[in-house]
Structures are given as structure tokens and as C-alpha cells.
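Single-letter residue listing:
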Amino acid sequence: KCNYYIYKNWGEGLMSFGDAIKSGFNNYVNFNGRASRSEYNYWVLFIILLSTFALILDPIDFYTGEGGMLSNILSLALILPGVAVMIRRFHDINKSGWNYFWSLTIVGVFPVLYWLVFKAGDNGGNSYGVDPLSNSSPLPSNQSEDIPLSTGARESSDEPESINENESEKPE
């Protein structure tokens, strides 16, 4: 039963690679809110690919220590968005970004790796914000839940949407 549940929900709610990169750069120094597991994993993949490409273009000469300037520039440019995505990923599982410092201990590396890479985010909202993969945007506190369907916003429910808005009136 457990394996069926894991495989059944494996592909639901994934952010695409391009969307994850856009989100990482759009939230360059945004340490509030949440980042989904797919956003974090794609961001890490992007950093690995970019670093590999930089080392191929500008390899480090290990005898003289020269070269690698492109990698250094990339590291400096991407450190803030990387930390921001990591902190928002901790927020997605309802943990503070300060939990990263557990990785400085020998034993703490394993839970931090699990939390960041493997643990699914909280469904719905948590104390750090709304689910980043939800299709509905959060409503302001002064707006009611009764939104007309003509605005394009929908209330999330399990019932199918009615084609006829007023079902009590039947044409004769």
C-alpha cells in the first residue's frame, strides 16, 4: 500500500526546470515564502550544470592555481539566490531556515539532506505561507470566498463544476 501511494503521487505538482530557474532568479533575495521540492532540486541541478560548464570553459590549472575565474564569478553571483531557495525550501516543510546549521554537525547532515531533497512539502498553507504548487492564489483577508466564476478564479472543491450556473431554473 505504501509503495502504491508513493508512485501514485510521484508526478503530481512538479514545477518545470525553466519555471524553477525563473522562480530562483525572480526571488533572488526573497527569504520569505515557500519553495517546492521540485523547485529546490531543479535549482541545485541548474547550479551543478552551470558550474560544470564553467569549469569546462575556464579550467583550473592545479599546478599554478590559475584559472577558474568564471567559476568564482558564478559562485559569487549565485550564492544569494541559492541560500534564498534553500531557506524557502525549509519553509515548505514548516521548518525555519536556521535548521541549515544542523548540517555543520556530522550527524546533522543526514536530516538536512533528507529535508531539503526528499521530504514532501506541506499540503496547503503552513505558518510560512501558501503551497507554492497550488493553482489558486491566496485571497486577501477582506475578500470573501464567494467569487463569481466569470473572474476566472475557482474555489477548490472535489465536486465537478456545474455548466448551468443557476440549476434551479430549468428551461421549459
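For the structure itself, look to the data block above.
Residues numbered from 1 in each chain as written. Predicted model: local features only at pLDDT ≥ 70, side-chain atom pairs only at ≥ 80, totals over all residues. Heavy atoms only, no water.

### Brief notes about the overall build of the protein chain
So, step 1. Secondary structure summary: the protein chain contains five helices and zero strands in total.
So, step 2. Overall, the protein chain shows an N-to-C arrangement of helices and strands of α-α-α-α-α.
So, step 3. When burial is assessed residue by residue, the protein chain has 22% of its 172 residues classed as buried.
So, step 4. Taking the contacts inside the protein chain whose residues are at least 6 apart along the sequence as the reference set, 64% of them involve residues at least 24 apart. (Helix = DSSP H or I, 4+ residues; strand = E, 2+ residues; numbered from the N terminus. Buried < 20%, exposed > 50% of the residue type's maximum accessible area, 1.4 Å probe, protein only. Contact = heavy atoms within 4.5 Å.)

### Some details on the side chain of Glu39
So, step 1. Within the fold, Glu39 resides in helix H3 (residues 37-57).
So, step 2. The class for Glu39 is buried, based on a relative accessible area of 2%.
So, step 3. Within the local environment of Glu39, its side chain forms a polar contact with the side chain of Arg88, the two groups lying 3.3 Å apart.
So, step 4. In contact with Glu39, not counting residues within four places along its chain, are Met15, Ala20, Ser23, Gly24 and Arg88. (Polar contact = N/O pair within 3.5 Å; in protein donor to acceptor, adjacent residues only side chain to side chain.)

### Here's the deal with the pattern of salt bridges
So, step 1. For the structure on display, the rule yields three salt bridges.
So, step 2. The partner of Arg34 in a salt bridge is Asp92, and the shortest N-O contact between them spans 2.7 Å. Residue Arg34 is found in the loop between helix H2 (17-26) and H3, and its partner Asp92 is found in helix H4 (residues 69-92); the two are separated by 58 residues along the sequence.
So, step 3. Of the charged contacts, one joins Arg88 and Glu39 as a salt bridge, the two residues approaching to 3.3 Å between their closest N and O atoms. With Arg88 in helix H4 and Glu39 in helix H3, the pair connects residues that are 49 residues apart, well separated along the chain. Residues Arg88 and Glu39 agree in their burial class; the two are buried.
So, step 4. Put simply, Arg34, Arg89 and Asp92 are held in one network by salt bridges that share partners. (Salt bridge = Lys/Arg side-chain N within 4 Å of Asp/Glu carboxyl O.)

### Thoughts on unusual backbone geometry
So, step 1. Positioned with a positive phi, Asn94 is a non-glycine residue whose angle comes to about 65°.
So, step 2. In this structure, Asn94 sits in the loop between H4 and helix H5 (109-118).

### Here we look at H3
So, step 1. In this model H3 runs 30 Å from its N-terminal to its C-terminal C-alpha over 21 residues, within 8% of the 30 Å that 1.5 Å per residue would give.
So, step 2. For H3, the complete set of buried residues consists of Ser38, Glu39, Tyr40, Trp43, Phe46 and Ala54.
So, step 3. For H3, the elements touching its buried residues are H2, H4 and H5. (Expected span 1.5 Å × (residues − 1).)

### Quick look at a nonpolar patch on the surface
So, step 1. On the surface, a cluster of nonpolar side chains totalling about 490 Å² of accessible area is made up of Phe25, Tyr28, Val29, Ile79, Leu80 and Val83.
So, step 2. If you tally residues by element for the nonpolar patch, the top one is H4, at three residues.
So, step 3. Relative to the assigned elements, Val29 resides in the loop between H2 and H3. (Patch = residues over 30% accessible without salt bridge, like charges linked within 9 Å, V, L, I, M, F, W, Y side chains within 5 Å. Areas by Shrake-Rupley, 256 points an atom, 1.4 Å probe, with all protein chains shown as cover.)

### A few points about the packing of aromatic side chains
So, step 1. Per the stated rule, a full pass over the model turns up eight aromatic pairs.
So, step 2. On the numbers, 5.3 Å between centres and 75° between planes, the contact of Phe25 with Trp43 is edge-to-face. With Phe25 in helix H2 and Trp43 in helix H3, this pair connects stretches of sequence that are 18 residues apart.
So, step 3. Accessibility expressed as a relative area gives 36% for Phe25, which makes it partly exposed.
So, step 4. By way of ring pairs, the aromatic residues Phe17, Phe25, Tyr42, Trp43 and Phe46 are connected into one cluster. (Phe/Tyr/Trp six-rings, centres within 6.5 Å; stacked < 30°, edge-to-face > 60°.)

### What to know about the nonpolar core
So, step 1. Tyr40, Trp43, Met86, Phe90, Val112, Trp115 and Leu116 are the most contacted members of the largest nonpolar core, which has 13 residues in total.
So, step 2. At the level of secondary structure, the elements contributing two or more residues to this core comprise H3, H4 and H5.
So, step 3. With five residues, the top contributor of residues to this core is H4.
So, step 4. Once residues within four sequence positions are removed from consideration, Trp115 is found in contact with Arg89, Phe90, Ile93, Lys95, Asn99 and Trp102. (Core = buried A, V, L, I, M, F, W, Y, C linked by side-chain atoms within 4.5 Å.)

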